[in-house]
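Commentary on secondary and tertiary structure
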Amino acid sequence: MIPFRNDHVGSFLRPANLSQAREQYKSGNITYEELRAVEDKEIIRIIEKQKENGVFAVTDGEFRRSWWHFDFLGGLDGVELYEQIDGPKFHNMQTRKGGIRVVGKVDFSTHPFVEDFKFLKKHAGDAVAKQTIPSPNMLLYRLENGANIYTDREQFLQDTIAAYQKVIQAFYDAGCRYLQLDDTAWADLFSEAGHDKLRAKGLEPAEELKTMQRMINETLAHKPADLVVTMHICRGNYKSNYFSTGGYEYASEVIFGGLNVDGLFLEFDDERSGGFEPLKYVNRKDLKIVLGLLTSKSGELEDKEQIKARIAEAATYVPLEQLCLSPQCGFSSTEEGNILTEEQQWRKLRYVKEIAEEVWN
């Protein structure tokens, strides 16, 4: 059953030889084909490592990406990667330069990620091949210079939804049956600081909550019945640092009771994420809630009994059979990666599986 009792968000630490090959390609010392060969080899290795460590849904580790979101968004028609801009500002940290901007009508015709998925599926074997992409809300709230192209925001929303509907069908036609939408835009609603940021752009939080809901639900309006779509809601992940804080309360009725997704991957690894009470708005027996109770930001293992106690607490709001367990985020949302070792990464995933087996079996 997707998502699985022990699951994961998707990204993995980049091996040194892959990072080196990417730098060599940027400096013109190796060809694109040579870079792809290194990527191919390391993706095959990471698929096998996931299986060895008890993972049922395997990803390519996002090994072909630099950023978890910008690489995909910049490949849509009418959108381009834009290096001459400061990257997102994190807690006590500035990310490297980079972003996206709209330069034409947003659409989808083809995308390299679809071919990348075919490679993943070909080598996944008996495991489920899971594809992760940024949600349509990420295009809405992380772009620059969009107003120069779209003077009518409604048209921009409609074009983005239509493009994403085509994206979903393309992945389905390529054999994808497990798709995850990664979305940090919701976090702008979780605190007064986030509300202020929206208002500074001339946006009202209450209206943007409705817009975010619409973007997800209309994007999924025509999805094939046997395609499982989950959403990961995150507060940022860059070199073990975070972007925002706040619990789910403000948006809880929409997130837990108003989105047409099959599952939600949720950060609950520390006090920044608030408590479980917002889960009371879960109103569907078929909605899976994946509790991100273990941090991916460090290699230290959490206390097992404490994790079990938190799962039991969450089960007072949502039946235990609807709950699953995972790390709170990926291990390497950008190619820099979080501050832990690869062995600590695998140990954490084995620990998730161990706890899940003890709780649900």
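What comes next concerns the included structure. Quantities reported herein were computed from a predicted structural model and do not represent experimental measurements.

**With respect to the overall build of the chain**
Looking only at helices and strands, one finds 11 helices and 13 strands in the chain. Within the chain, counting contacts between residues at least 6 apart in sequence, those at least 24 apart form 79% of the total. Carbon and sulfur atoms make up 49% of the accessible area of the chain, which totals about 14600 Å².

**What about the pairing of strand S12 (residues 288–294)?**
In terms of residue burial, S12 counts as a mostly covered element, since 7 of its 7 residues are buried. One ladder, built from 5 bridges, connects strand S11 (residues 263–267) with S12; its direction is parallel. By the bridge assignment, phenylalanine 265 is partnered in S12 with valine 290. One ladder, built from 5 bridges, connects S12 with strand S13 (residues 323–327); its direction is parallel. Paired with glycine 292 across the bridge in S13 is serine 326.

**Things to note about the nonpolar core**
Phe171, Trp186, Ile255 and Ile289 are the most contacted members of the largest nonpolar core, which totals 98 residues. The element best represented in this core is helix H6 (residues 153–173), accounting for 10 residues. Setting aside its immediate chain neighbours within four residues, phenylalanine 171 contacts Phe72, Phe113, Val114, Phe117, Gln131, Ile133, Cys176 and Leu179. Listed in part, the 9 residues of the second largest apolar core include Phe4, Ala57, Tyr178 and Val290.

**Let's talk about the packing of aromatic side chains**
Each aromatic ring pair is specified by the distance between its two centres and by the angle formed by the two planes. Counting across every chain of the model gives 13 aromatic pairs. Ring centres of phenylalanine 117 and phenylalanine 171 lie 6.3 Å apart, and the angle between their planes is 85°; on these two criteria the pair is classed as edge-to-face. On the criterion of sequence distance, the pair formed by phenylalanine 117 in helix H4 (residues 112–124) and phenylalanine 171 in helix H6 is long-range, its members being 54 residues apart. Judged on exposure class, the residue phenylalanine 117 and its partner phenylalanine 171 are both buried. Chaining the aromatic ring pairs together yields one cluster made of Phe190, Tyr248, Phe256, Phe268 and Phe276. Note that arginine 64 overlies the ring of phenylalanine 119, its terminal NZ or CZ placed 5.1 Å from the centroid. If you follow arginine 177 out to its NZ or CZ, it ends over the ring of tyrosine 172, 3.6 Å from the centre.

**Things to note about the pairing of strand S10 (residues 228–233)**
Of all 6 residues making up S10, 6 are buried, and the element is well covered by its neighbours. Residues Val228, Thr230 and His232 of S10 are buried on one face, and the alternating residues Val229, Met231 and Ile233, pointing to the opposite face, are buried as well. With 6 bridges connecting them, strand S9 (residues 178–183) and S10 associate as parallel partners. The residue of S10 that forms the bridge with aspartate 182 is histidine 232. Pairing analysis gives 4 bridges linking S10 to S11, with the strands arranged parallel. Across the sheet, the residue bridging to threonine 230 is glycine 263, located in S11.

Calculation rules
- Residues numbered from 1 in each chain as written.
- Predicted model: local features only at pLDDT ≥ 70, side-chain atom pairs only at ≥ 80, totals over all residues.
- Heavy atoms only, no water.
- Helix = DSSP H or I, 4+ residues; strand = E, 2+ residues; numbered from the N terminus.
- Contact = heavy atoms within 4.5 Å.
- Areas by Shrake-Rupley, 256 points an atom, 1.4 Å probe, with all protein chains shown as cover.
- Buried < 20%, exposed > 50% of the residue type's maximum accessible area, 1.4 Å probe, protein only.
- Pairing = 2+ DSSP bridges.
- Core = buried A, V, L, I, M, F, W, Y, C linked by side-chain atoms within 4.5 Å.
- Phe/Tyr/Trp six-rings, centres within 6.5 Å; stacked < 30°, edge-to-face > 60°.
- Lys NZ or Arg CZ within 6 Å of the ring centre and 35° of its normal.

Coordinates in, geometry out; function isn't part of it.
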